[in-house]
Amino acid sequence: MAGLHDELRYTKGIGEARAKAFSKLGIHDLAGLVSFFPRAYEDRSRFAKISELCDGDTVCVEAMVHGSPTLSRIRRGLELVKLRAADDTGTLFISYFNQNYLKDVFKPGESYVFYGKVQAMGRAFTMTNPVYERLSAAGRATGRIVPVYRLTSGLSQNLVRSSVRQALDVAGDWTPDGLPDAVARKYRLCSARYAYENVHFPADMRALELARTRLVFEELFVLACALGLLRGGREGQAGRVLARAELERFTASLPFRPTGAQLRAIGEAVSDMSSGRLMNRLVQGDVGSGKTLVAAACVWYAAQSGAQSAFMAPTEILAEQHFATLTGFLEPFGIRVAKLTGSMKAKEKREVLAALASGEVQLCVGTHALLSEGVAFRDLALVVTDEQHRFGVQQRAALAEKGAAPPHILVMSATPIPRTLALIIYGDLDVSLIDELPPGRQKVDTFAVDSSYRQRLNGFIEKLVSEGRQVFVVCPRIEDDEEKPDDLKSAEEHAAALQKELPELRIGCIHGKLKARDKDAIMAQFSAGELDVLVSTTVIEVGVDVPNAALMVIENAERFGLSQLHQLRGRVGRGRHKSWCILVSDAKGEEARARLSAMTHISDGFKIAEEDLRLRGPGDFFGSRQHGLPELHIADLGADMNVLKAAQEAAKELLEADPELAASENSKLKERAGQLIAMSGGRFN
Ligand code: ADP
Ligand code: MG
């Protein structure tokens, strides 16, 4: 018999081809099967007597076969095995299509359990293609709660079930469990062995519930420990005390009055930075709520103490734009701002690096380039990251290491993340919510249309441009390996088609094949009003600010997630002008229609994020890997909020007692947390 960690192809009933199929699911040995959790369950535990059956019921019936099954050919390629089975209350007629061998399987006088959907035919009942087991050997596929697994071609539910069964039998008392006993006891969780057995083959609903709770706790606990290790216990750490400064001197000079919410967020951040504790603050606010100003105020504040700040943006275009905005806010105060991006010339970079090291420059705005080796600050006191969800926890940590002492951290997120996710991703960051938009903002009217509106849409674009406005058009990104459906236009093709329709307009296009420098140049032209229409892929998704843009057209809108659509829509309606968002889609699917319709009547980013989570499920939220977090296998963030809180509390407590997980009883946990971090491409310290 194969061992737990032997390759699967040596396992009975699996072999070469099936082992390959399993490996597509990420399963390479029996141990992997033990933690291959079912994606659903089918409750086949309910039995009924034939006289109690109702049309539409799905139940188990225990019945004896009467007479020999008959085989009839209805037409070519459609053959039917029919049999009659009865209990002491009535008769059930059963048919199987195209499974001729069954004619010889069912023996008259023998009893079976049949599980399937009941149909009433006059006064009689029938089942078509029911699952069956001989009564004497029943209990695997009928009469119980049966696990349903994710499959790939070459695997059947039955094969996966029996392989998992085998794995559990070989595993005996071994489990991949990472939960220390003391924690399991404290939170009254069932034993690991019981949990792994019952999550696959639950004795009943109660057992399944106990098993799931334990495993969800375990998964979230290991994740919380991994994140805790990565953060390296920044919480509660002493932080540099920045001298208090009169914020009025900064805010009074602005071209507009900060909103109450902006002032509150600024106040909270500067009080953190003067408190003696290290700041770990998330500023969360919908697109257009004015987060950049909050960052600028913090940079100004740090500069009053003579300290430096770093500001990290996820793309070159954004870094460019923030550089311009922040320079505008800060240079009047004599604060020098530099820029560092990957596409800069080596000579320019060297000059910036020298200015950072000497302290000549007080703020450096940049991309991931800020993380590279050789970037060193003279006196880094504050790190701001924009659109934080694009950065992993570990990147934030890497940036924090650029200072001699750990710097204060301010993260800004425009993606309104549902509370459950925020708790995991940001752990114990303090949160400032900007829940107020600058005055004069108007709702962006949103419409979902199909391509029969093309003519009218082009007319609308022309009209707006004639009024002096600008227009964004976004096309989905097409992956290289993707077979391109006919109706899916690349940004380039779309721009060319549009130019033909509207020859008078100045149309620019940003697409994946352009160099960063060229993208920036086109973006700059658009910002300066030298282009009327900008056609692009999603490079403009986050942050880009062109207040004169009044229309956002999104082509093949069904290809975008809700939160993404919301981000895109946030690119317009930022100035004084009435703005529109038009979602173009010919998709007929129910889910796609529901998403587009949600966009037309919801404008609040948080509500959209929640709707997104509901429609897509949390798996996808993580699946996109935007968070730098590993995929969850069993926890459901929509449903397991309470377990999440308990698991985080437990992880915090454990890490306080054993910050490096050095104790021997925590070794398995340390190993699993390490695997998680390795899988998410991070560092483990
Ligand atoms: P986001 O939160 O999406 O990053 P920005 O910081 O880019 O938002 O701000 C969006 C726009 O609103 C910018 O043009 C900015 O200058 C402007 N703005 C910010 N705060 C205010 C305010 N208090 N009053 C008026 N306009 C503001
Ligand atoms: Mg922004």
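Counting starts from 1 at the beginning of each chain's written sequence and moves along it residue by residue. Here every chain gets a letter starting at A, and every ligand a number starting at 1, in the order they are written. Note on the predicted model: pLDDT of at least 70 is required for a residue's local features to be given, and 80 or more for side-chain atom pairs to be given and counted; whole-chain, interface and lining totals, by contrast, use all residues. Values reported for side chains reflect all heavy atoms of the structure, with hydrogen atoms and water molecules removed beforehand.

S.K.: Whenever I open this one, the site of ligand 1 confuses me. Can you help?
M.R.: A cutoff of 4 Å decides nearness: a residue is near a molecule or strand if any of its heavy atoms lies inside that distance of it. The immediate surroundings of ligand 1 are formed by 16 residues, with Gly 288, Lys 291, Thr 292, Arg 441 and Asp 545 found nearest. Within 3.5 Å is the distance limit for a polar contact, defined as a pair of N or O atoms, with the added protein rule that one can donate a hydrogen and the other accept it, and that residues adjacent in sequence qualify only through two side-chain atoms. Gly 290 is positioned such that a nitrogen or oxygen atom in its backbone is 3.0 Å from an oxygen atom of ligand 1. Measuring from an oxygen atom of ligand 1, one finds a side-chain N or O atom of Lys 291 at 2.7 Å. Note on areas: Shrake-Rupley, 1.4 Å probe, and residue coverage restricted to the protein chains presented here. Surface burial for ligand 1 is 86%, taken as the share of its 570 Å² of free accessible area covered by protein chains. Given that more than half its atoms are within 2 Å of the pocket grid, ligand 1 belongs to the second largest pocket. Taken together, the residues that form the shell around ligand 1 break down as 4 nonpolar, 6 polar and 6 charged. Definitions used for this entry: grid spacing 1 Å over protein atoms alone; cavity, a set of points where a 1.4 Å probe fits but cannot get out; pocket, an open set with protein on both sides within 12 Å along at least 5 of 7 lines; lining residue, one with an atom within 4 Å of a point. For a cavity or pocket, the test is whether more than half of a molecule's atoms lie within 2 Å of its grid points; if they do, the molecule sits there. We call Asp, Glu, Lys and Arg charged. Ala, Val, Leu, Ile, Met, Phe, Trp, Tyr, Cys and Pro are nonpolar, and the rest, Gly among them, are polar.

S.K.: For this particular structure, what's the right way to read the pairing of strand E14 (residues 408-413)?
M.R.: In summary, the side chains of a regular strand alternate between the two faces of the sheet. Accessibility here uses a 1.4 Å probe with only protein chains present; expressed as a share of the type maximum, an area under 20% marks a residue as buried, one over 50% as exposed, and anything in between as partly exposed. In this text, helices come from DSSP runs of H or I with a minimum length of four residues, and strands from runs of E with a minimum of two, each type numbered from the N-terminal end. Burial of E14 is extensive: 6 of the 6 residues sit out of reach of the surface. Alternating residues of E14 divide into His 408, Leu 410 and Met 412 and Ile 409, Val 411 and Ser 413, and every residue in both groups is buried. Strand pairing is assigned whenever DSSP identifies at least 2 bridges connecting the two strands. Direction of pairing for strand E9 (residues 280-285) relative to E14: parallel, over a ladder of 5 bridges. Across the sheet, residue Asn 280 finds its bridge partner in E14, namely Ile 409. With 5 bridges joining them, strand E13 (residues 380-386) and E14 adopt parallel strand pairing. Residue pairing across strands places Asp 386 opposite Met 412, the latter belonging to E14.

S.K.: Could you clarify how one ought to interpret helix H21 (residues 641-657) in this entry?
M.R.: A turn of α-helix holds 3.6 residues, and therefore any two residues three or four places apart point the same way. Given a rise of 1.5 Å per residue, 17 residues ought to cover 24 Å, and the 25 Å separating the end C-alpha atoms of H21 matches this to within 8%. Among all positions of H21, only Met 641, Val 643, Leu 644, Ala 646, Ala 647, Gln 648, Ala 650, Ala 651, Leu 654 and Leu 655 are buried. Working rule for helices: expected span equals 1.5 Å times residues minus one.

S.K.: Explanation requested: the pattern of salt bridges in the structure shown.
M.R.: Should their charged atoms come close, side chains of opposite charge can pair. Basic side-chain nitrogens of Lys or Arg form a salt bridge, by our definition, when they fall within 4 Å of a carboxyl oxygen of Asp or Glu. All chains considered together, the criterion is met by 27 salt bridges. Between Glu 16 and Arg 9 there is a salt bridge; the shortest N-O distance is 3.9 Å. Lys 186 serves as the salt-bridge partner of Glu 653, at 3.0 Å between the closest nitrogen and oxygen. You can see Glu 653 sitting in helix H21 and its partner Lys 186 sitting in helix H4 (residues 181-186), a full 467 residues away along the chain.

S.K.: Which parts of the structure should I look at to understand the pairing of strand E19 (residues 533-536)?
M.R.: With burial as the criterion, each face of E19 is covered, one bearing Val 533 and Val 535 and the other bearing Leu 534 and Ser 536. Here strand E17 (residues 470-474) pairs with E19 via 4 bridges, running parallel. By the bridge assignment, Val 473 is partnered in E19 with Val 535. Note: strand E18 (residues 507-510) against E19, 4 bridges, orientation parallel. The residue bridging Gly 508 from the neighbouring strand is Leu 534, located in E19.

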